[in-house]
Amino acid sequence: MHLQPGHPTPPPTPHHHHLQASSSKGMSSASSTSSSSSETRGKSKKWVDKNSNEYRVRRERNNIAVRKSRDKAKMRNAETQQKVLELSTENDKLRKRVEQLSRELETLRGIFRQLPESSLVKVMGNCA
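Structural notes, computed from the coordinates. (Residues numbered from 1 in each chain as written. Predicted model: local features only at pLDDT ≥ 70, side-chain atom pairs only at ≥ 80, totals over all residues. Heavy atoms only, no water.)

Glancing now at the overall build of the chain. When helices and strands are tallied, the chain shows four helices and two strands. Scored against the burial criterion, the 128 residues of the chain give a buried share of 2%. Counting only contacts in the chain whose residues sit at least 6 apart along the sequence, the fraction spanning at least 24 positions is 12%. Only carbon and sulfur atoms are counted for the fraction: they give 57% of the accessible area of the chain, which is about 11800 Å². (Helix = DSSP H or I, 4+ residues; strand = E, 2+ residues; numbered from the N terminus. Buried < 20%, exposed > 50% of the residue type's maximum accessible area, 1.4 Å probe, protein only. Contact = heavy atoms within 4.5 Å. Areas by Shrake-Rupley, 256 points an atom, 1.4 Å probe, with all protein chains shown as cover.)

See below:
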C-alpha cells in the first residue's frame, strides 16, 4: 500500500494478521492443520508458536496476573464478609437500644398520664 504525504493512515483491516498468517502457511488445508497443533490463536487472531520463549513468558506473566487478580478478589470478598459481620453486630446493638428507649418512653408516658391535670397545666406553663 502506498501512502501519499498529508493523508491520514487508514485504519487496519479487521483480519489483517489472520490473512498474513494464512498466506504465509500456504493454501492447502493439510499444511495449515499440521502446523496449527503447535500454535494457538490470541485476541489478535495471530498464530503463536506455543514452544517459543515469547509464548512461555507471556503465559507466565498472564498466570501471575490471574493469580494476583483472584487473590485480590478473595481479599475483597473476605473484607466484605468482615464488614457484614461488623455491621450486623452494630445493627443488633442499635435495635436493642431502640427497644430499651421505647420501653423507657412508655414508662415515662405512663407516669405522665398518672399526673393530675392541675400539675400538667403548671408543667406546660413553665415550658412556655
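Next comes the rest of the write-up.
Any two side chains of opposite charge can pair if their charged atoms end up close together. Within the structure shown, the criterion is met by two salt bridges. Between E54 and R58 there is a salt bridge, and its shortest N-O distance comes to 2.8 Å. A residue pair is termed a helical-turn pair when its members lie 3 or 4 positions apart in one helix, as E54 and R58 do in helix α3 (residues 53-114) at four residues. For E54, a relative accessible area of 47% gives the class partly exposed. Note that E106 is salt-bridged to R109, the shortest N-O span being 3.3 Å. Taken as a pair, E106 and R109 lie in helix α3 at a separation of three residues, close to a single helical turn. (Salt bridge = Lys/Arg side-chain N within 4 Å of Asp/Glu carboxyl O.)

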